[in-house]
2 protein chains.
Amino acid sequence: MKRTAFFISDGTGITSETLGHSLLAQFDGIEFEQITLPYVDTLDKAEKVIQQINAAAQRDAERPLIFDTIVDEAIRSRISEADAFKIDVFSSFLKPLEQELDARSNYSVGKSHAIVERHKYKARIDSVNFAIDNDDGARIRQYDQADIILVGVSRCGKTPTCLYMAMQFGIRAANYPLTEDDLEFGRLPESLAEHRHKLYGLTIDPFQLAAIRHERRSNSRYASLDQCDFEVREVERLFKKLGVPFINTTNFSIEEISTRIMAEAGLERRMS
Amino acid sequence: MKRTAFFISDGTGITSETLGHSLLAQFDGIEFEQITLPYVDTLDKAEKVIQQINAAAQRDAERPLIFDTIVDEAIRSRISEADAFKIDVFSSFLKPLEQELDARSNYSVGKSHAIVERHKYKARIDSVNFAIDNDDGARIRQYDQADIILVGVSRCGKTPTCLYMAMQFGIRAANYPLTEDDLEFGRLPESLAEHRHKLYGLTIDPFQLAAIRHERRSNSRYASLDQCDFEVREVERLFKKLGVPFINTTNFSIEEISTRIMAEAGLERRMS
């Protein structure tokens, strides 16, 4: 069984697709074709959307699902006329919130992901630049400004995790690769030792690590299972010896790794 | 007036905070303290959360708001006993969805941001690595694999936009800085010319560009308003001459820039 789901917004569509995606993830047995339609901000665009929805209804022989975060009342009501099952996010929640807050919502379009406070937004972008500048041990001078420093063997997931934490939560995350030398000596490089309270370890299943490394340098010693197995075993031993908290990334998404680390390390999200 | 808002989840909390953030953005006049509480997945943790909520209620002399995406019925119902106004996302929408889909939801925790299909997740992480490898004109060999190539003057927002598109939507985005030489000759570097249909331009207000550049190299010619003004004027002239679509990033967030470019360029989101 296949159903089509539309995430429709007069803004970026991010809220609508995030919510819709979460709700649909609760239905395992059904295959969903998921289509995001952002910036539906005129009645003309609404007409085209309705045609697209009705075409999907005909094709699927089942009515599509709509997850709608359209703010504009006229556009939203026009979309309701499509042949679809509709989850109307703002209608469902804004009225009760208005009552609770004893305030009128401003019904302005595109507020969810706009820049609200310039200095907060800037801090977030600065964190992204910080993550890039401090990727892969490239710099060590700025570690006093870091909120967290991820450590682990090459290709265990440090870079995407740092970038996600920066991008999504404004966290200043650096990362440093632990090399074979570090592992053989069983100690941290000096540049890290003085920031030990900021360190967080990543580890990974050796088979998965070998697969990832093979893509970069196939059939190298670096990518061999023996080498990956050695490095992972030693890095975990080092984390335990030094009391560095660590997480195994093998089965987690960057969203899960990032939020788990932040929860464990007590880092507050800085969103704008 | 200040109110405290809690985004509570037994998973990452990302859905809850995204939705809550969007709804609260509709109330301009009220200041919200926003607190995300992820991984509330035991009754013990629920007890602590309730204490935290009730403490906020006392302190604010107004009941806090809760945006709740907890899946577990027992934990969710325990949280309901806190002294708060609650928006219960899954309760509101899962039942009607079950009815529409004629299926039971699986009520499993942490599905929203978990890895569902490994190959799709891998493609997304590959896109992040692609963005890093192809940042700032570092490589030009892989442009045939790019979905889009952002072009613009130094520091106009190319890198964070590429990373966001990769991270959030799995888009393979490269970027290439147009230099003074390129602008003086009024033509594209050869490496770009053959990929013209993939190019998308970014431009920016010269004052903001000068401010950003001053932070990197203060009082340099590079950061002078004259230079920024010249580069922006010339780059816009070049975009128009060559018919390269472009967007002014000055007042847009990376979410808005990314989703607008994708909508304009007809790029489909590849989410997992």
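See above for the structure.
Throughout what follows, the structure given in this document is the object of discussion. For clarity, every value in this text was computed on a predicted model and none was experimentally measured.

Reading the values: rules and limits
- Residues numbered from 1 in each chain as written.
- Chains lettered and ligands numbered in written order.
- Predicted model: local features only at pLDDT ≥ 70, side-chain atom pairs only at ≥ 80, totals over all residues.
- Heavy atoms only, no water.
- Pairing = 2+ DSSP bridges.
- Helix = DSSP H or I, 4+ residues; strand = E, 2+ residues; numbered from the N terminus.
- Axes fitted to C-alpha atoms, helices over the stretch in contact; angles between N-to-C directions.
- Contact = heavy atoms within 4.5 Å.
- Parallel < 35°, antiparallel > 145°, perpendicular 65-115°, else oblique.
- Phe/Tyr/Trp six-rings, centres within 6.5 Å; stacked < 30°, edge-to-face > 60°.
- Buried < 20%, exposed > 50% of the residue type's maximum accessible area, 1.4 Å probe, protein only.
- Lys NZ or Arg CZ within 6 Å of the ring centre and 35° of its normal.
- Salt bridge = Lys/Arg side-chain N within 4 Å of Asp/Glu carboxyl O.

Residues and elements named next belong to chain A. In spatial order, the strands read β6-β5-β7-β8; together these four strands make up an open sheet with parallel pairing. Only two strands of the sheet have a single partner each, and these edge strands are β6 (173-177) and β8 (246-248). Direction aside, the axes of adjacent strands within the sheet are offset by 25 degrees on average. Direction of pairing for strand β5 (residues 148-152) relative to strand β7 (residues 199-203): parallel, over a ladder of three bridges. Residue pairing across strands places I149 opposite L199, the latter belonging to β7. Those strands touched by helix α11 (residues 254-265) are β5, β7 and β8, and its axis lies near 145 degrees from that of β7.

All right, on to the packing of helix α6 (residues 158-169) of chain A against α11 of chain A then. Residue and element names in this part refer to chain A. Running from N to C, α6 and α11 cross one another at 75 degrees; their axes reach a closest spacing of 9 Å. Compared by their axis directions, α6 and α11 come out roughly perpendicular. For the pair α6 and α11, the contacting residues are P160, T161, Y164, M165 and F169 in the first and I254, E255, I257, S258, T259, I261 and M262 in the second.

Turning next to the packing of aromatic side chains. Counted by the stated rule, this structure contains seven aromatic pairs over all chains. Pairing F93 of chain A with F93 of chain B gives two aromatic rings, centres 5.3 Å apart and planes at 55 degrees, and the pair type is tilted. Here F93 of chain B lies in helix α4 (residues 89-101) and F93 of chain A lies in helix α4 (residues 89-101), a pairing that spans two chains. Using a relative accessible area of 5% as the deciding quantity, one classes F93 of chain A as buried. Centre to centre, the rings of F239 of chain B and F246 of chain B are 5.3 Å apart; their planes meet at 35 degrees, and the pair counts as tilted. We classify F246 of chain B as partly exposed; its relative accessible area is 30%. Across the ring face of F169 of chain A, the terminal group of R269 of chain A is positioned such that the distance to the ring centre comes to 4.4 Å.

It is worth spelling out the pattern of salt bridges at this point. Residue and element names in this part refer to chain B. Applying the stated criterion across every chain yields a total of 54 salt bridges over all chains. A salt bridge links E62 to R3; the shortest N-O distance between them is 3.4 Å. Linking E62 in the loop between α2 (43-60) and β3 (65-68) with R3 in strand β1 (residues 2-8), this pair joins segments that are 59 residues apart in sequence. Judged by relative accessible area, which is 1%, R3 ranks as buried. Where K95 meets E98, a salt bridge forms, and the shortest distance between an N and an O atom there is 3.6 Å.

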